[in-house]
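Chain residues, written in single-letter form:
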Amino acid sequence: MASSAQPGTGPTEEFRFPGNRLGLPEDGPGSVAGWGRRLLALVLDWLIAGLIASVVVGKPMWAGGNDYNTSHLAIFFVVTAILTGLAGGTIGHRICGLRVQNLKNRDVPQVGLLGGLIRSFLICLLIPAVIFDRDHRGLHDLAAKTVVVRR
């Protein structure tokens, strides 16, 4: 038996677009960032951390090795945590026109160092970053009570 569409069974007002439940606009500054910009920002941050690790270890990026890989991840974690926590976004976020917004206290532009540490640690684990909700917030954003928005 086929079901028929009944009035009021479609999406509710609460789920019209990503960020609607959070009180964010649909488009423009302050709206939830798209996946393309977020991925590009992550790649840029990873490359920047790789360049810094290359200088620290004294090996080119393509040489690899355990010492390079460990320092690359550690530098990515530290730079991402500090810049997200204290500046509201990483270098990649800035280049891509994004910022990390604090949802606990919207009057404060910074996430705070603890929020940056939590968020960066979960991004380094990778799995929490690819599990997300309908507001485009990964588990790392849910844990740190943040959302990535357009500048």
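Here we summarise the structure given alongside this text. It should be emphasised that the depicted structure is a prediction, and the values quoted were computed from it without experimental measurement. Counting from 1, residues in each chain are numbered in the order their sequence is written. This being a predicted model, a pLDDT of at least 70 is required before a residue's local features are given, and a value of 80 or more before pairs of side-chain atoms are given or counted; all residues contribute to the totals for chains, interfaces and linings. Excluded from the side-chain calculations are hydrogens and water; all other atoms, namely the structure's heavy atoms, are used.

Counting from the N terminus, the helices are DSSP H or I runs at least four residues long and the strands are E runs at least two residues long. Its place among the elements puts Gly64 in the loop between helix H1 (35–57) and helix H2 (66–87). Residue classification places Gly64 among the buried positions, given a relative accessible area of 13%. Gly64 sits 10 residues away from Ser54 along the chain, and the two C-alpha atoms are 9.1 Å apart. Two residues qualify as a contact provided that any one of their heavy atoms is within 4.5 Å of a heavy atom in the partner residue. Setting aside anything within four residues of it in sequence, one finds Gly64 in contact with Lys59 and Asn69. Throughout this description, buried means an accessible area under 20% of the type-specific maximum (1.4 Å probe, protein chains only), exposed means over 50%, and partly exposed covers the range between.

This brings us to the environment of Asp135. Within the secondary structure, Asp135 is located in the loop between helix H5 (127–130) and helix H6 (139–144). Residue classification places Asp135 among the buried residues on the basis of a relative accessible area of 2%. A sequence separation of 10 residues divides Asp135 from Lys145, and the C-alpha atoms of the two residues are 12 Å apart. Not counting the four nearest positions on each side in its chain, Asp135 is found in contact with Phe17, Pro18, Gly19, Asn20, Arg21, Leu22 and Val32.

Here strand S2 (residues 146–150) lies mainly inside the structure; 4 of its 5 residues are buried. Here, strands pair whenever DSSP counts at least two bridges between them. Bridge analysis of strand S1 (residues 98–102) against S2 gives 5 bridges, and the strand direction is antiparallel. Pairing of Arg99 across the sheet is with Val149, part of S2.

Let us look at the packing of H2 against helix H4 (residues 113–124). Axis angles are defined between N-to-C directions and span 0 to 180 degrees, where every axis is a line fitted to C-alpha atoms and, for a helix, only to the segment in contact. Two elements in contact, H2 and H4, have axes whose closest approach is 7 Å; the angle formed by their N-to-C orientations is 145°. Crossing hand, H2 versus H4: right-handed. Along the contact surface, H2 presents Leu73, Phe76, Phe77, Thr80, Ala81, Ile82, Thr84, Gly85 and Leu86, while H4 presents Leu113, Gly116, Leu117, Arg119, Ser120, Phe121, Ile123 and Cys124. Residue composition of the contact of H2 with H4, grouped by class: 11 nonpolar, 5 polar and 1 charged. Crossing handedness: left-handed means the near helix sits turned counterclockwise from the far one by under a right angle, and right-handed means the same turn made clockwise. When residues are grouped by polarity, Ala, Val, Leu, Ile, Met, Phe, Trp, Tyr, Cys and Pro land in nonpolar, Asp, Glu, Lys and Arg in charged, and all others, Gly among them, in polar.

It is worth stressing that arrangement in space is one thing and function is another; only the former is reported here.
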